[in-house]
Amino acid sequence: NEAAIETDVLIVGAGPAGLFAVFELGLLDIKAHVVDILPRAGGQCSELYPEKPIYDIPGIPACTGQELVDNLLKQIEPFHPTFHFNEMVETLVSLGTAEKPEFRLTTSMGKIFHSKLVFIAAGGGSFQPKKPPIPKIEDYEGKSVFYAVRHMEDFRDKNVVIVGGGDSALDWTLNLQPVAKSLTLVHRRAEFRAAPHSVTAMQELVGAGKINFRLGQITAIEGAEGHLSGATLKGNEGSEEKLACERLMPFFGLTMKLGPVAEWGLQLHENLIPVDTEKFETSHPGIFAIGDINYYPGKLKLILSGFHEAALAAQKAHRYVYPDKKLLFQYTTSSTNLQKKLGVS
Ligand code: FAD
């Protein structure tokens, strides 16, 4: 007799799509648990661009990735979702029927869920930064080697070295230059894979002596107890230079792996999960896929798509969870019933 956690819906992934699904399900009295392998909510928004502005969330002219996530978390507070962070959903077994689905899911931490329905909101899958081949780099990760900027203040008055030639490397070069004590951009080639205006802006800063640019790669780092003091730059012609370095940011891209989702017996389309556009249900009754992970003709990998998909999937979820109840269409502005659930009336 295993100690399983019972829930109406298990949401795989706490990115924007998974978070908003909690809201849409909550309005329909459907309870959700949310699992994410990352240590916090927000998916790509928190992990990849927490301090960058987003301009295409309807009704919000500009907000950063983290602000969007914070607001989504606030919006779903009335529904008290339970989060399970640092856990990967590994296995999914179907126990029910097409009319009455039921699933057993297990996580990397050994938790077991019995869930009526599953919402897969796994985005690009479990993603991880590609690491540069620098000996002992893991000793410094999270203290002075970072693959994303969580707090700009961590870089204030520090000697910063950024490695890479793509958008992330260039964006953070431009953003951190005003706060850093010194900033050196290192890239193997003089060509960049970044937006041309960022490249121009970076070159202007180099011309004005405000940042350094070096051709080559970082081959070694030094420091103690996780705190960097210097880095060795190997130039393309074989020369070696010691750089002052208290913060190192390698931007070598991300590997996005679909991960365990691929083994759940679902039909796949180029590592994405095909769904219909009425209910966003997969080839398996009771398993829905919303956000970046799904595929249908015309799909746009935008946050607003995931919000819409969550709303429609929740409607079908209601039919499974409350087969005898008729679902009335209601507005949050005028329904006292919905407002009670939201705790605003
Ligand atoms: P994600 O945000 O990818 O979240 C999925 C979550 O699922 C992740 O946290 C992952 O860890 C978790 N997960 C996956 N598999 C498992 C598993 N088996 N077990 C547990 N957890 C799992 N979109 C816009 O609309 N506007 C923009 O301006 C914009 N700018 C962007 C800028 C950048 C640099 C990037 C990278 C993306 C941008 N996007 C933008 C795209 C947007 O971030 C994505 O469309 C959005 O994050 C998708 O949300 P999601 O919830 O589907 O997936």
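Cut-offs used in this document
Residues numbered from 1 in each chain as written. Predicted model: local features only at pLDDT ≥ 70, side-chain atom pairs only at ≥ 80, totals over all residues. Helix = DSSP H or I, 4+ residues; strand = E, 2+ residues; numbered from the N terminus. Buried ≥ 20, exposed ≤ 12 C-beta atoms within 10 Å, placed from the backbone. Contact = placed C-beta atoms within 7 Å. Pairing = 2+ DSSP bridges. Near = placed C-beta within 6 Å. Nonpolar A, V, L, I, M, F, W, Y, C, P; charged D, E, K, R; others polar. Domains from an automatic or database assignment. Axes fitted to C-alpha atoms, helices over the stretch in contact; angles between N-to-C directions. Expected span 1.5 Å × (residues − 1). Arc of directions from axis to C-beta. Core = buried A, V, L, I, M, F, W, Y, C linked by C-beta atoms within 7 Å. Left-handed = near helix turned anticlockwise from the far one by under 90°.

Draft legend 1. Summary view of the overall build of the protein. On a plain count of helices and strands, the protein comes out with seven helices and 19 strands. When the 345 residues of the protein are sorted by exposure, 36% land in the buried category. For the protein, contacts bridging at least 24 residues in sequence account for 61% of all contacts bridging at least 6.

Draft legend 2. Spotlight on unusual backbone geometry. Positive phi outside glycine occurs at Lys136, with the angle close to 65°. Along the chain, Lys136 turns up in the loop between strand 9 (126–129) and strand 10 (159–163). The class for Lys136 is exposed, based on 10 C-beta atoms found within 10 Å. For Glu225, which is not glycine, the phi torsion reads 50° and is therefore positive. For Glu225, a count of 8 C-beta atoms within 10 Å gives the class exposed.

Draft legend 3. Geometry of the pairing of strand 12 (residues 212–224). Alignment of strand 11 (residues 182–187) against strand 12, held across four bridges, turns out to be parallel. Across the sheet, residue Thr184 finds its bridge partner in strand 12, namely Asn212. In this sheet, strand 13 (residues 227–235) lies alongside strand 12 in antiparallel orientation, the contact comprising eight bridges. Directly across from Glu222, in strand 13, lies its bridge partner Gly230. Adjacent in sequence and paired antiparallel, strand 12 and strand 13 are bridged by two residues, among which Glu225 carries a positive phi angle near 50°.

Draft legend 4. Quick look at the site of the ligand. Surveying the vicinity of the ligand reveals 37 residues, the closest of which are Gly13, Gly15, Gly43, Gly123 and Gly291. At the level of secondary structure, the elements contributing two or more residues to the shell around the ligand comprise helix 1 (16–27), strand 2 (32–36), helix 2 (43–48) and helix 6 (303–321). Per-element tally for the shell around the ligand: the top contributor is helix 2, with four residues. The residue makeup of the shell around the ligand, split by class, is 21 nonpolar, twelve polar and four charged.

Draft legend 5. Main features of the domain arrangement of the protein. When cut into domains, the protein gives domain 1 (5–127 + 255–342) and domain 2 (131–252). Between the C-alpha centres of domain 1 and domain 2 the distance comes to 36 Å. Opposite the four residues of domain 1 that make contact, domain 2 presents four residues. Here the residues of the side of domain 1 that touches domain 2 are counted per class, giving two nonpolar, no polar and two charged.

Draft legend 6. Quick peek at the sheet that holds strand 11. As summarised here, the arrangement of the six strands in space is 14-13-12-11-10-15, forming an open sheet in which the pairing is mixed. Two strands lie at the open edges of the sheet, namely strand 14 (240–244) and strand 15 (247–250), each paired on one side alone. Within the sheet, the average angular offset between the axes of one strand and its neighbour, ignoring direction, is 35°. Sitting on the sheet, helix 4 (residues 167–176) touches strand 10, strand 11 and strand 15, and the angle it makes with strand 10 is about 160°.

Draft legend 7. Looking closely at helix 3 (residues 65–76). In this model, helix 3 (twelve residues) spans 17 Å end to end at C-alpha, consistent with the 16 Å of a helix rising 1.5 Å per residue. Along helix 3, the residues that are buried comprise Gly65, Leu68, Val69, Leu72 and Ile76. All buried residues of helix 3 fall inside an arc of 95° around its axis, so they share one side. Looking at the buried residues of helix 3, the elements they touch are helix 1, helix 2, strand 3 (53–54) and strand 4 (63–64).

Draft legend 8. Quick look at the nonpolar core. Residues Ala21, Val118, Phe119 and Ile120 are the most contacted members of the largest nonpolar core, which totals 51 residues. At eight residues, the largest contribution of residues to this core is made by helix 1. Sequence-distant contacts of Val118, that is, excluding residues within four places in its chain, are made with Leu10, Val12, Leu92, Phe103, Leu105, Gly286, Ile287 and Phe288. The next biggest cluster of nonpolar side chains, apart from the first, holds 28 residues, and it includes Tyr140, Val161, Trp172 and Leu185.

Draft legend 9. Quick peek at the packing of helix 1 against helix 6. Packing of helix 1 against helix 6 brings their axes to within 8 Å, and their N-to-C directions diverge by 35°. By crossing handedness, the relation of helix 1 to helix 6 is classed as right-handed. Within the contact between the two elements, helix 1 uses Pro16, Ala17, Phe20, Ala21, Glu24 and Leu25 and helix 6 uses Ile303, Gly306, Phe307, Glu309, Ala310, Ala311, Ala313, Ala314 and Ala317. Considering only residue class, the contact of helix 1 with helix 6 consists of twelve nonpolar, one polar and two charged.

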